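Residue-level listing of the chains:
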Amino acid sequence: MADTKREIERKYEGPPAGEDVRLPDLSGVSGVSGVLDKGVAELDATYYDTPDQRLAAASLTLRRRTGGADAGWHLKLPVSEGVRDEIRAPLSDTVPRSLTGLVRSRVRDAELVPVVRLLSARDIRHLVDASGALLAEVSLDRVRAERLSGGEGTAEWTEIEVELADDGDPAFLDKVEKKLRKAGLSRSSSPSKLARALGETDQKAQKGQTGEPGKHKKSAAAAADAAPTTAPAAHAPVTAGDHVLAYLRAQRDAIVELDPAVRRDVYDSVHSMRVATRRMRSAFRSYGRVLDRTVTDPIGDELKWLAGELGLDRDQEVLTERLTAALDNLPRTLLSGPVRTRLRTWSHARGSGSRRHLIAVLDGKRYLALLTALDATVSDPPLLKAASGDPAKVIAKAVRKDFKKVSDLVGEALDRPPGADRDLAMHEARKKAKRTRYSAETATPALGRPAADLVKSMKSLQTLLGDHQDSVMTREALRDLAGQAHAAGESAFTYGVLYGREEQRAAAAEAALPGAWEAIEGQGAV
C-alpha cells in the first residue's frame, strides 16, 4: 500500500571554486528556538528509469532507498517549483505495482532499469520553535553518485537540503535561505540529486571516459527519438500548422501528465483530463484544412472513447451533487418521505463503480495505443497544404466557420417553442459553443485580443446553455426518482417540487439566451 507526502524543499550548493560546504549556524533564524542534532544517516538509493530516461525528462524520480527513517520505494511527482508529491511504498525487490501504474503514461511498454546509485551521508538538523514543534529539517548531504546504465563514471558533491515540516508556512524557507545566502550558499542549479548525477556522469561519458568520444551523446539522442513523448517546438509558432500543433501538443502533454493524478483520484483530475481529450478532438475537427482528417478522425474517435470512460462516474456525481444541493435549499415543510435515502440508493445503483474499471482502462492496450498515436500526431503530423499558410487567414477562417455554426444553432433554438425540440437545439448549440471556444483558444496566440474575447464570449454562452442542459438532465432524474418512490409506496411530492424549480431554471436560461446572444453577435467573430 502506497501513501503520499507533500514535499516542499530547497537545495543549496557552495561557490563553484569548490570550497568545502559547511552547515552554518541557523539558531538565529527568525522563529527558531532550537537546532537539534539528529545525527548522521547513511542512505543508499538506486534510481530507476527507462533506458532513454523518460522519467527524468519529465522531472519524475523513482528510487529504492535503504537507511534513514523512510526506507522504501519513493516516486516523486512534480507539483510546482520546489514542491513535489512523494508516493511511498514498502521495500521490495521489484518496483511495486502501486508505483508502476503511476508512471505508465510515461514508461508505456519500456523496461524500468537501474540508472544511478546514490550513496549519501546525511548530517541532519531539526529547526524547532519555542514549543518544540518541527519547523524544517536541514541536512548536509555528502553524495557519491555511480552511473549504472546509460553512461559511465562517478560524481561527488556536497549540498544542503532544507525541507519544510508538514503543514508548515513556506515563507519560513525564505528566512532560512537568507541565512544560507549570507554564508555564501546559493540555490542548486539542479532540481534534484538525480538530475545532477545524470548531468555530471553524462558529461564525463561525452568527454571520452568510455574510450569512444561522443558515443554516449549519440546513443542518448537516438534514444530520445524513440521516447514516447516529444519536446515542445524550439521555435515560436509561425505558420498556421505551427499554432495548431502547439495547441495539440499542450493537450497531449496534459493527458500524459494528468494520468498519475487520475489514478490517485486527485480532485478535478478526471474532469481536467476529459477536457484535454475534448480540446484535442475539437481541434482535429475545427482545423481539418490543416491536419488530414483521414488520419485524425480515427484518433478523435479514440479520444471520444476515453472521454466517455472518464465520464462514467463523473456525470453521475455532478447530477447527485446538484440534487443534494437542491434538497439542502428546500424548507423542511417541503420534504416528504425518505427523499435523501432514496437519492443515495438511486445514486449508488446508477453509479458504475467505475474506479477499478477506469484504472483497468488506463492500464489497457487501447489507451496506451492512443497515447502512442497522439505522440505520432505531434511529432510527425499529417499536415495539409494550408498548414504552411498565414495563421491570420487559415486559423481565422476556421474559427469563423465554427462561429457560424453556433449562430445557426442558437437561431434554431430561439425559433422553436419551449419543449423537447428546443432543449435539443440548445444542447447542440452548447456543444458547438464549446468547440468554437476551443478553436478560438488555438487562435489566440496568432490573432490576439479578438480571439481571446471570443473565448470569453463562448465560455459565457457555454455556461448559460450548460445550466439549461443540466436542468434537462436533472428533470429526467427526478422523473426516475419519483417513479421509484411511487412504486415503493413513498410520497413523490418533493420530487415534483424540485421538478418545478428545475423548470423555472430552464425557463430563466431560455429567457436570457436572446440577450446574451445579441451581445455576443454584436462583438462579432475574429
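The notes below deal with the structure included here. Computed from a predicted model, the values in this text were never measured in an experiment.

Before going further, it helps to spend a moment on the overall build of the chain. The secondary structure content of the chain amounts to 16 helices and nine strands. Residues classed as buried in the chain amount to 47% of the 526 residues present. Sequence-distant contacts in the chain: of pairs separated by 6 or more residues, those separated by 24 or more amount to 72%. Summed over its atoms, the accessible surface of the chain is roughly 25,600 Å², and 51% of this surface lies on carbon and sulfur atoms. Each charge class in the chain can be summarised by its mean position, and for the 81 positive and 77 negative side chains these summaries are 3 Å apart.

Glancing now at the packing of helix α14 (residues 420-447) against helix α15 (residues 449-487). Between α14 and α15, the shortest axis-to-axis distance is 8 Å and the interhelical angle comes to 155 degrees. Classified by the angle their axes make, α14 and α15 are roughly antiparallel. In this structure, α14 crosses over α15, and the sense of that crossing is left-handed.

Rolled over the atoms, a probe sized like a water molecule indicates the empty space that remains. The tally for this structure, following the rule as stated, stands at one cavity of 30 Å³ or more. Considered as a void within the structure, the largest cavity measures approximately 40 Å³ in volume. What lines the largest cavity is Leu-323, Leu-327, Val-339, Leu-343, Leu-478, Leu-481, Tyr-495 and Leu-498. Looking at the lining of the largest cavity, the elements with two or more residues in it are α9 (293-328), α10 (339-350), α15 and α16 (493-523). Tallied by class, residues from the lining of the largest cavity come to eight nonpolar, no polar and no charged.

Grouped together as the largest cluster of nonpolar side chains are 63 residues, with contacts concentrated most on Leu-248, Tyr-287, Tyr-367, Met-458 and Leu-461. Those residues in contact with Leu-461 that lie beyond four places of it in its chain are Val-406, Val-410, Ala-433, Leu-513, Trp-517 and Ile-520. Counting 17 residues, the second largest nonpolar core, distinct from the first, contains Ile-160, Val-162, Leu-164 and Leu-180.

One can find Arg-147 in strand β7 (residues 134-147). Within the structure, the side chain of Arg-147 is placed 3.5 Å from the backbone oxygen of Leu-198, a separation counted as a polar contact.

Looking now at the packing of helix α13 (residues 391-415) against α14. As a packed pair, α13 and α14 sit with axes 8 Å apart at the nearest point and diverge in direction by 165 degrees. As summarised for this structure, α13 and α14 are arranged roughly antiparallel, according to the angle between their axes. Regarding α13 and α14, the two cross each other, and that crossing is left-handed. Per-class residue counts for the contact of α13 with α14 are 19 nonpolar, two polar and six charged.

Attention now goes to the environment of Ala-250. For Ala-250, the location among the structural elements is in helix α7 (residues 240-263). Sequence separation of Ala-250 and Asp-169 is 81 residues, and the distance between their C-alpha atoms is 32 Å.

Once that is clear, we can look at the layout of surface pockets. Of the voids in this model, the largest pocket is the one considered here, and its volume is about 1,500 Å³. Along the walls of the largest pocket sit 39 residues, with Arg-274, Arg-278, His-427, Arg-430 and Lys-434 positioned nearest its centre. For the lining of the largest pocket, the elements supplying multiple residues, two or more each, are α8 (269-286), α9, α14 and α15. No other element matches the 12 residues that α9 contributes to the lining of the largest pocket. Here the residues of the lining of the largest pocket are counted per class, giving eight nonpolar, 12 polar and 19 charged.

Another point: unusual backbone geometry. The backbone phi angle of Asp-167 is positive, close to 65 degrees, even though this residue is not glycine. Topologically, Asp-167 is positioned in the loop between β8 (154-164) and α4 (171-182).

Positive charge collects at one region of the surface, where Arg-289, Lys-397, Arg-400 and Lys-401 lie side by side. In this fold, Arg-400 is placed in helix α13. Assessed through its relative accessible area of 40%, Arg-400 is described here as partly exposed.

About the thresholds
Residues numbered from 1 in each chain as written. Predicted model: local features only at pLDDT ≥ 70, side-chain atom pairs only at ≥ 80, totals over all residues. Heavy atoms only, no water. Helix = DSSP H or I, 4+ residues; strand = E, 2+ residues; numbered from the N terminus. Buried < 20%, exposed > 50% of the residue type's maximum accessible area, 1.4 Å probe, protein only. Contact = heavy atoms within 4.5 Å. Areas by Shrake-Rupley, 256 points an atom, 1.4 Å probe, with all protein chains shown as cover. Lys, Arg positive; Asp, Glu negative; His and termini not counted. Charge placed at Lys NZ, Arg CZ, Asp CG, Glu CD. Axes fitted to C-alpha atoms, helices over the stretch in contact; angles between N-to-C directions. Parallel < 35°, antiparallel > 145°, perpendicular 65-115°, else oblique. Left-handed = near helix turned anticlockwise from the far one by under 90°. 1 Å grid on protein atoms, 1.4 Å probe; cavity = no way out; pocket = protein on both sides within 12 Å on 5 of 7 lines; lining within 4 Å. Points joined across faces, edges and corners; volume = space filled by probe spheres on them. Nonpolar A, V, L, I, M, F, W, Y, C, P; charged D, E, K, R; others polar. Core = buried A, V, L, I, M, F, W, Y, C linked by side-chain atoms within 4.5 Å. Polar contact = N/O pair within 3.5 Å; in protein donor to acceptor, adjacent residues only side chain to side chain. Patch = residues over 30% accessible without salt bridge, like charges linked within 9 Å, V, L, I, M, F, W, Y side chains within 5 Å. Salt bridge = Lys/Arg side-chain N within 4 Å of Asp/Glu carboxyl O.

Read these as layout, nothing more, since geometry by itself doesn't imply function.
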